[in-house]
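Single-letter residue listing:
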Amino acid sequence: MSIVKFDNVTRVYKTGEHELKALDKVSFTLDESKFVVILGPSGAGKSTLLNMLGGLDSPTSGTITVNDRDISRLSNDELADFRASTVGFVFQFYNLIPTLTVYENVELVSEISKDHLDAKQMIEEVELTDHLNNFPSELSGGEQQRVSIARALCKNPQILLCDEPTGALDSETGVMVLKLLLKMAKSYGKTIVIVTHNQSIAKMADVVIRVKNGKIRSIEEQNDPMSADEVEW
Amino acid sequence: MLTRKLFRTAWGYKSQFISMIIMITLGIGIFLGFNMEWYTIEYDTSQFFADTNYADYRLYSQDGFTADDLEKIAGIKGVEAATRFLSVNLDLKGTSNKSLALDVSENYTVSTFVVMDGEDYDKNSDGFWLSDKFAAANNYKIGDELTLEYQGLDISGKIVGLIKSGEHMICVADKNQLMPDYNSFGYAYISPKKLRSIIQEKIDNMISEDLPAFFVNDDAVSEAENKIYAQVNILSGMEKEELEDAVKNALGKTIMVTPKTDHVVYKEAMGESEEGKTMGSVLPVLFLAIAILTMVTTMHRIATKEKIQIGTLKALGFKDRRILRHYTSYGLFIGVVGTAFGMGLGYLVCKSVMSENGMMGTYFDMPDWTAATPFFCYPVMIGTIVLLTLISFLSVHRQLRGTAAEALRPYSPKKMRKTLLEHTKLWNKMRFGTKWNLRDLSRHKSRSAMTLFGIVGCMVLMVGGLGMRDTMSGFLDLLDKDISNYATKVSLADNADSEKAKQLASELDGDWESLMGISLDGDTVTLDIVHNPKSIYNVINEDNRRIELSDEGVYLCLRLKDKANIGDNITFSPYGSNDTYTAKVIGYNRSIMTESVTMSDTLADKLGIDHTPTDIYTNMKTGDIPSSDLIAGKQNKVQLMNTFNSFVSIMDGMVIILVIAAAVLGIVVLYNLGIMSYVERSRELATLKVLGFRNKQIGRLLISQNLWLTVIGVIIGLPAGVGVLEWLLVSLAGEYEMKLMLGPLTYCVSIFLTFGVSLLVGLMVAGKNKKIDMVEALKEAD
């Protein structure tokens, strides 16, 4: 069942007299509980696409429908509510609140999400119970990204959006984080969308969307994706 | 190229640069303005005193001074000039409640005047030289006829010149009058020849009534003239004691010698200057300190934000010295621009107080209002620029330490540590926003402390300014209702007979007082002998309650508290007499203007002090009191209290300046630090937005931190403001004996305005939150 639908989505950025078309009439649909990888070189428009899907940005034209609801014309507050209830983000640079502990960073989402999960349980699942009271600055990059995953899932969103989640990590830690991400997404039945330029990650996906110069080059469904251990990193 | 970068970077940090320039402008401006104000008072008045030969000493004798006495006094070694002098308050004929102090400086060497328009001084002239301010207020012009009433005699003449005199620079008719009112009271000079002709006329009138013409000759006129010159004014650099002894030796009797420091004009002018110095030593320092501390915090933040650029320049091969010079010039730029604007502001502040149209324009009457700057202000201004440059230097120097690679690494803020509060159970019960804000405050201690400092400063200025007004209003209320419960004050003639004067007081159904100069431990103070059974004129204690004067001892005013404890005996000697009297101190009283010893008339009689009432206080209307030879002048209390209104309006002007300065200070400091906090937390704010927090929720978080600091700032600032005010009152106690009074409105307005400023800035900063670009803010690494 399709959960996301992009219909002729265009996003133009204006800087002075110059116009930059980051997305150009992009159309696709995503099904529920799938692992989707958006692949493309730097500047292809993949992050813009993710930001549109996550309600961080709105299209210049076209419509984006999530759960049959057009999110492309929502007000700021409606978009905030959408982000609070429907999507969870995992960023390349973690974006944890430095003045909150691990527990507090995860627990934070209870302030905005009615349907949230138990923070302690999520931290346990990312195996950071020992660091419950540590501040982000006291953790390694991989540990910080695990907190970020726990925080994203604690909101109990339908879709997990990850922008280069392993980009700031060494390959060993990156694989470990990726495994955890997939395991968690599978066990909680989430749709997961990862934006990356790393071809290896694409081998694990159910769907691979290739983007270049703001256009979709191909959408490829993989019936037999590899596991993280099978992929050569 | 780097210069171009300087201006572009300054533009990039425009809100910080502008706020720092505003702070330095305010700091320097208020510092300079307040200090220029008191210095200008000293400078301009001393110039004016020199131009009009303002007397250094005034000698008083009830018997008057003969020409021979004057010769002996002028012959004293150390006396540069001396003149017989007359100053008497006379009603202006054909007007209601207008009077003039009529002055004669016999040989015109001391206590002279400057002519603003008309004829120069001429010792043979028959005309009047009239105060130009009085003339302007009452539409008198040169050539107009003026008639004064003197003990039933008309003194008439043409106005020949319009003048200003140092003797009347603060032109008040009465010791209780704080502010001049040129509409009702001014001054005029006549020549000694005209005075002699008036005496002649008076004697001629008496001939027809009482005296045979046979007894009247030139000697009789001179004798009357001797009596009328009850004052000798002197220019001399001698010490008071030295002069007293020399006069005693020369004339063979003790004469009351009062130095200029006891004369109302000099005393009040110097009092104003002292007041300015006191104000100038607290408030501007507070402003400058806040300005410099803001600079420290802001420059540190800019330097850390510029760290990568500093590293890039280093990596490109720029020498540390050149990079330092470049970034140090930021501080220099801010210092120079801020100081230049500050000098302009300082001049405006000084001029708003000290100029003919300024607040002091109605208080001082002098020809020249040149603004003057005390010398120490120059090193302070240069020092401020140097200090600001040094602050930039040190901020950048820190970032330049180590290798180019180290400099290229982004600035990493201090690691979080748990605070004591976090180990309590209360912490776990707190909401996310509370924890977030508390941790942010503890992580950015200097920013939080500066914000707090700004709010406390804002509060202190508001409580200080508004409280000063309350205290002054309370003081005037006290004077109007509790002390002076009369309708009319009748001043009696110097030669009034004691019994007749007391008889008149009883006819007018009034209280009376007798004022005389006494020497107490070498100081000249006033002895106030009071007869007040009707409670029309009251003596009040420290708590502003009426004292039922006891006949067992005397009361010292609060300014003389150090002279004796209750129960001690004091010994004093009235001027013009060799007698000394001893009395027990039984209490302290609050005196309005003069340093005084107060006693009941019964005690004065018991001690055998010869006294004559000088003023009668009655509830009769001014117009209903019949004229009499005993009466030298009548003053309506409403008129007297009206003169205070101008005083209150000066006060209001100062209060408005202070409150505006407080609000600007609060807004600039809070906005600057608020923006800094917002920039530092923009990544966190963007994260919250991405997570799904609404703009309003995030705005509330930002505002609540400001409001917490405001609550703490108000809690500290309120008592601090009261403390500063108390300190100011103690410092000003030499001039006025005021009791600190703070109305509930002052508390409410101060708190309301401080919260208003905080909320306004909070909303301004929170409003920026809407513009956060989530995508951009989250792109970079921490």
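Residues numbered from 1 in each chain as written. Chains lettered and ligands numbered in written order. Predicted model: local features only at pLDDT ≥ 70, side-chain atom pairs only at ≥ 80, totals over all residues.

Examining the overall build of chain A
Within chain A one finds seven helices and 10 strands. Its C-alpha radius of gyration of 17 Å places chain A within 12% of the 17 Å reference for a compact globule of 233 residues. Along the first, second and third principal axes, the C-alpha set of chain A runs to 50 × 45 × 40 Å. Looking at the 233 residues of chain A, the share that counts as buried comes to 51%. A separation of at least 24 residues holds for 71% of the contacts in chain A among residues at least 6 apart in sequence. (Helix = DSSP H or I, 4+ residues; strand = E, 2+ residues; numbered from the N terminus. Rg over C-alpha atoms; globule rule 2.2 N^0.38 Å. Buried ≥ 20, exposed ≤ 12 C-beta atoms within 10 Å, placed from the backbone. Contact = placed C-beta atoms within 7 Å.)

Some thoughts on the overall build of chain B
Scanning chain B from N- to C-terminus turns up 22 helices and 19 strands. C-alpha extents for chain B along the principal axes are approximately 115 × 55 × 45 Å. Classification of the 782 residues of chain B by burial places 44% in the buried group.

Let's talk about the environment of I518 of chain B
Residue and element names in this part refer to chain B. The topology assignment puts I518 in strand β12 (residues 511–520). For I518 and P574, which are 56 residues apart along the polypeptide, the C-alpha to C-alpha distance reads 4.1 Å. Aside from chain neighbours lying at most four places away, what touches I518 is V525, L527, F572, S573, P574, Y575 and V597.

Concerning the interface of chain B and chain A
With 23 residues of chain B at the contact, the number on the chain A side is 26 residues. Of all the secondary structure elements, the ones that give two or more residues to the side of chain B that touches chain A are α14 (432–443), α19 (682–691) and α22 (774–779) of chain B. In terms of residue class, the side of chain B that touches chain A is made up of 10 nonpolar, three polar and 10 charged. (Nonpolar A, V, L, I, M, F, W, Y, C, P; charged D, E, K, R; others polar.)

Quick word on the sheet that holds strand β5 (residues 69–70) of chain A
Read across the sheet, four strands follow the order β2-β1-β4-β5 (chain A) without closing on themselves; strand pairing throughout is antiparallel. Edge positions in the sheet fall to β2 (18–31) and β5 of chain A, since each of these pairs with one other strand and no more. (Pairing = 2+ DSSP bridges.)

Some points on the domain arrangement of chain B
Residues and elements named next belong to chain B. What the domain assignment reports for chain B is domain 1 (1–54 + 289–412), domain 2 (56–262), domain 3 (444–483 + 640–782) and domain 4 (488–620). When each unit is reduced to the centre of its C-alpha atoms, the spacing between domain 2 and domain 4 is 27 Å. Counting residues at the interface gives 12 residues for domain 2 and 11 residues for domain 4. Considered class by class, the residues forming the side of domain 2 that touches domain 4 number four nonpolar, five polar and three charged. (Domains from an automatic or database assignment.)

Digging into helix α2 (residues 14–51) of chain B
All names here are of chain B. Taking 1.5 Å as the rise per residue, α2 with 38 residues should run 56 Å; its terminal C-alpha atoms sit 51 Å apart, in good agreement. The buried count for α2 comes to 29 of 38 residues, which makes it a mostly enclosed element. At the C-terminal side of α2, N53 shows a positive phi close to 50°. (Expected span 1.5 Å × (residues − 1).)

Some details on the environment of W708 of chain B
With respect to the element layout, W708 of chain B can be found in helix α20 (residues 695–732). For W708 of chain B, a count of 17 C-beta atoms within 10 Å translates into the label partly exposed.

Comments concerning the confidence of the model for chain B
Residue and element names in this part refer to chain B. Within chain B, residue pLDDT values average 85, and 94% of them lie at 70 or more. Put simply, helix α12 (residues 404–408) is where chain B has its lowest mean pLDDT, 69, and strand β5 (residues 128–131) is where it has its highest, 95. In the predicted assembly, ipTM is 0.84 and pTM is 0.72. (pLDDT = per-residue confidence, 0-100.)

Section: the sheet that holds strand β6 (residues 87–90) of chain A
Residues and elements named next belong to chain A. Read from one edge to the other, the open sheet built from six strands follows the order β6-β7-β8-β3-β9-β10, with strand pairing classed as mixed. Looking at which strands have only one partner, the edges of the open sheet turn out to be β6 and β10 (215–221). The mean inter-strand angle of the sheet, taken between neighbouring strand axes irrespective of direction, is 15°. (Axes fitted to C-alpha atoms, helices over the stretch in contact; angles between N-to-C directions.)

Things to note about unusual backbone geometry
Residues and elements named next belong to chain A. Backbone geometry places S33, a non-glycine residue, at a positive phi of 60°. On the secondary structure map, S33 appears in the loop between β2 and β3 (35–39). Although it is not a glycine, D68 sits at a positive phi angle of roughly 65°. Mapped onto the elements of the fold, D68 is located in the loop between β4 (61–66) and β5.

Notes on helix α1 (residues 46–53) of chain A
Residues and elements named next belong to chain A. Counting buried residues in α1 gives eight out of eight residues, a clear majority hidden from the surface. Along α1, the residues classified as buried are K46, S47, T48, L49, L50, N51, M52 and L53. Once α1 finishes, G55 follows within two positions and takes phi at roughly 75°, a positive value.

What to know about the nonpolar core
Membership of the largest hydrophobic core comes to 271 residues, with the highest contact counts inside it found for V36, I38, V106 and V193 of chain A together with L130, F287 and L665 of chain B. Considering each element in turn, this core owes the most residues, 18 residues, to α2 of chain B. In this structure, F287 of chain B is in contact with L26, G27, I30, F31 and L665 of chain B, ignoring residues within four places of it in sequence. (Core = buried A, V, L, I, M, F, W, Y, C linked by C-beta atoms within 7 Å.)

Quick word on the packing of α2 of chain B against helix α8 (residues 264–305) of chain B
All names here are of chain B. Orientation of α2 relative to α8, taken along the N-to-C sense of each, is 165°, at an axis distance of 8 Å. Comparing the axis directions of α2 and α8 gives the class roughly antiparallel. Read as a crossing pair, α2 and α8 show a hand that is left-handed. (Parallel < 35°, antiparallel > 145°, perpendicular 65-115°, else oblique. Left-handed = near helix turned anticlockwise from the far one by under 90°.)

Comments concerning the packing of α2 of chain B against helix α11 (residues 377–400) of chain B
Residues and elements named next belong to chain B. One way to put it is that α2 packs onto α11 with a least axis distance of 11 Å and a crossing angle of 175°. Judged on the interaxial angle alone, α11 and α2 are roughly antiparallel. On the side of α2, the interface is formed by I28, F31, L32 and N35, while α11 contributes C377, V380, M381 and T384. In terms of residue class, the contact of α2 with α11 is made up of six nonpolar, two polar and no charged.

So, the pairing of strand β6 (residues 145–150) of chain B
All names here are of chain B. The pairing of strand β2 (residues 79–92) with β6 spans two bridges and is classified as antiparallel. Bridge pairing in β6 links L92 to L148. Counting the residues in the hairpin turn of β6 and strand β7 (residues 153–165) gives two residues, including Q151, whose phi is positive at 45°.

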